[in-house]
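Coordinate inspection notes
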Amino acid sequence: MSKLALLGGEPVFNNKKAPEELFKWPIITQEDIEAATDVIVNNKFSGTDLTTKFEAEYAQWQGRNYGLAFTNGTMALSAAMFAIGLGEGDEIICPTKTYWGSVSQAGCFGAKAVFCNLDEVMNIDPNDLERCITPRTKAIMVVHYMAYPCDMDPIMEIAKKHNLYVIEDVSHGHGSMYKGKKVGTFGHIAAMSMMCQKGFAAGELGMLVTDDRKLYERALAYGHYERNNDNFILEADELKGYYHIALGGVKGRANQLCVALARGQLKHFDERCAEIRRALDYFYDALEGLPGIKPRRPDASIGSHLGACYCPRLVYKPEELEGLSASRFAAAVSAEFNGSMKCGSGANFNLHTHKYFRTFDFFHSTEQKPDDGVYDKALDASDHVYCISVPWFKHFEKEWLDLYIAAYKKVVENYKDLLEGDENRIEGQWYGSDYDKDYTKKNA
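The following refers to the structure shown. Worth saying up front: this structure is predicted, and the values here are computed from it rather than measured.

1. What about unusual backbone geometry?
- Cis geometry is found at the peptide bond from Trp 25 to Pro 26, where omega equals 0 degrees.
- Tracing the sequence through the fold places Pro 26 in the segment before α1 (30-41).
- The backbone of Cys 311 shows a phi angle near 50 degrees, a positive value even though the residue is not glycine.
- Its relative accessible area of 22% is what places Cys 311 among the partly exposed residues.

2. Some thoughts on the pairing of strand β2 (residues 91-95)
- When you tally the buried positions in β2, you get 5 out of 5 residues, the bulk of the element.
- A two-sided burial pattern is seen for β2, the buried positions comprising Glu 91, Ile 93 and Pro 95 on one face and Ile 92 and Cys 94 on the other.
- Pairing geometry for β2 and strand β3 (residues 112-116), over 5 bridges, is parallel. Looking at the pairing, Ile 92 lines up with Ala 113 of β3.
- Note that β2 and strand β4 (residues 137-143) share 3 bridges and pair parallel. Residue pairing in the sheet places Ile 92 in a bridge with Ala 139 of β4.

3. Some remarks on the packing of helix α3 (residues 73-83) against helix α6 (residues 213-223)
- Two numbers describe how α3 lies on α6: the axes approach to 8 Å, and their chain directions differ by 125 degrees. Relative to α6, α3 is oriented oblique. In terms of crossing hand, the pair formed by α3 and α6 is right-handed. On α6, the residues that touch Met 75, Ser 78, Ala 79, Phe 82 and Ala 83 of α3 are Leu 215, Arg 218, Ala 219 and Tyr 222.
- The residue makeup of the contact of α3 with α6, split by class, is 7 nonpolar, 1 polar and 1 charged.

4. Observations concerning the side chain of Asp 169
- Its place among the elements puts Asp 169 in strand β5 (residues 165-169).
- The side chain of Asp 169 sits in the buried core without any salt bridge; Lys 198 is the nearest counter-charge, 8.0 Å away.
- If we skip the residues at most four places from it in the chain, Asp 169 touches Leu 77, Ser 102, Met 141, Val 142, Val 143, His 144 and Ala 191.

5. So, the pairing of strand β12 (residues 386-389)
- On β12, burial covers both faces: Tyr 386 and Ile 388 on one face and Cys 387 and Ser 389 on the other are all buried.
- Pairing analysis gives 4 bridges linking strand β11 (residues 313-316) to β12, with the strands arranged antiparallel. Looking at the pairing, Val 315 lines up with Cys 387 of β12.

6. Observations concerning the environment of Arg 218
- Within the secondary structure layout, Arg 218 lies in helix α6.
- Using a relative accessible area of 16% as the deciding quantity, one classes Arg 218 as buried.
- When the C-alpha atoms of Arg 218 and Ile 84 are compared, they prove to be 8.1 Å apart, with 134 residues separating the residues in sequence.
- The contact partners of Arg 218, leaving out residues within four places of it in the chain, are Phe 82, Ala 83, Gly 85, Glu 238 and Leu 239.

7. Observations concerning the nonpolar core
- Within the largest apolar cluster, 51 residues are counted, with the highest numbers of intra-cluster contacts made by Phe 283, Tyr 316, Phe 329, Ile 388, Tyr 404 and Tyr 408.
- At the level of secondary structure, the elements contributing two or more residues to this core comprise α7 (256-287), β11, α8 (326-337), β12, α10 (398-413) and α11 (416-419).
- Among the elements that take part in this core, α10 stands out by supplying 9 residues, more than any other.
- If we skip the residues at most four places from it in the chain, Phe 329 touches Ile 293, Tyr 316, Leu 321, Leu 324, Ile 388, Tyr 408, Val 411 and Val 412.

What counts as what
Residues numbered from 1 in each chain as written. Predicted model: local features only at pLDDT ≥ 70, side-chain atom pairs only at ≥ 80, totals over all residues. Heavy atoms only, no water. Helix = DSSP H or I, 4+ residues; strand = E, 2+ residues; numbered from the N terminus. Buried < 20%, exposed > 50% of the residue type's maximum accessible area, 1.4 Å probe, protein only. Pairing = 2+ DSSP bridges. Axes fitted to C-alpha atoms, helices over the stretch in contact; angles between N-to-C directions. Parallel < 35°, antiparallel > 145°, perpendicular 65-115°, else oblique. Left-handed = near helix turned anticlockwise from the far one by under 90°. Contact = heavy atoms within 4.5 Å. Nonpolar A, V, L, I, M, F, W, Y, C, P; charged D, E, K, R; others polar. Lys, Arg positive; Asp, Glu negative; His and termini not counted. Salt bridge = Lys/Arg side-chain N within 4 Å of Asp/Glu carboxyl O. Core = buried A, V, L, I, M, F, W, Y, C linked by side-chain atoms within 4.5 Å.

Dropping the structure here:
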């Protein structure tokens, strides 16, 4: 039995470092460079000629009637909230573990975020949704977290039952499938980030898609003053008379340098996703059945799969490894990588723990916003969902995949050696990461 590198043994990656091309993203071709150069040389940054073409191309690829580009994903999600009429006194349900840009904008509309528990794969738990619904609930914000498709059938059934809008945040889930259908095509409207590190990477860009013409027009009027006119506003009668001003008071028009990159990425996106899945499936297959770690991938037998596999993770089960903390496990894997890469534990902190959602008053009202106890609202389950990061492979290279597999297997096989000295294994409570532990202590 080999000694773990964290405890002084020889690392799996001893004098070995994987080639940069295995992880480099996005993949930029000469065609991409020429398209970007054309924007720069001809000063097309602020136009819409390339943007409108890309909007149509992306909507067709996504399988929706309308597409609308924005400066970034957070702006696109804000436009989706405006489109559905989210307003003062409304509530919008969101999973607690996600990036703040999924739902923090609700406060700018006078609405409140209500947080839902997570299921074991860190997505919104449909079984907890109805607990969160009140007479003030307007919508559900579904986040396909780290590319894993949410269980959309029960979510849509609950939304229909209670007459709620569904917004899909697809910032992590480009190309992911749920039962044979792309995520982003289930809800009334969907929005997504295309920033430089996402699965669909195009610099700094956002997209919104929908089949509803009125929702599209409202989203357009929110941040696209140059298209808020008779040529585009055809069905949303309540918008007429407000032409030529962005109704959100924001300028959401996309930078066409990013649009040029996005058009090139879209041409090759499906084939590149297939290569990424091939590599990750091989990696996951090798780890399947090991105690403590469970590959986080949907059921392919029902037509579900990851798209670009953004930010892949293993579900971590400390109870299967005698309570070994996720942070200790990740540190041991990192040591086996020997500096070539870092293995992390945890993910975004749970939003319900942040003071912003408890007391921040965007409108500077004279009365202090009360802390209504959202921090304590039956969200304990979400504090015990742990994960471990895995490499985001962009190519299938068996030699290197086998080395990364060996690192995780070695830690699982020798986990008992890590129990002593595990500072986070305290009285049976195991934190998802060092960050989760420190943040919870500071904000409790």
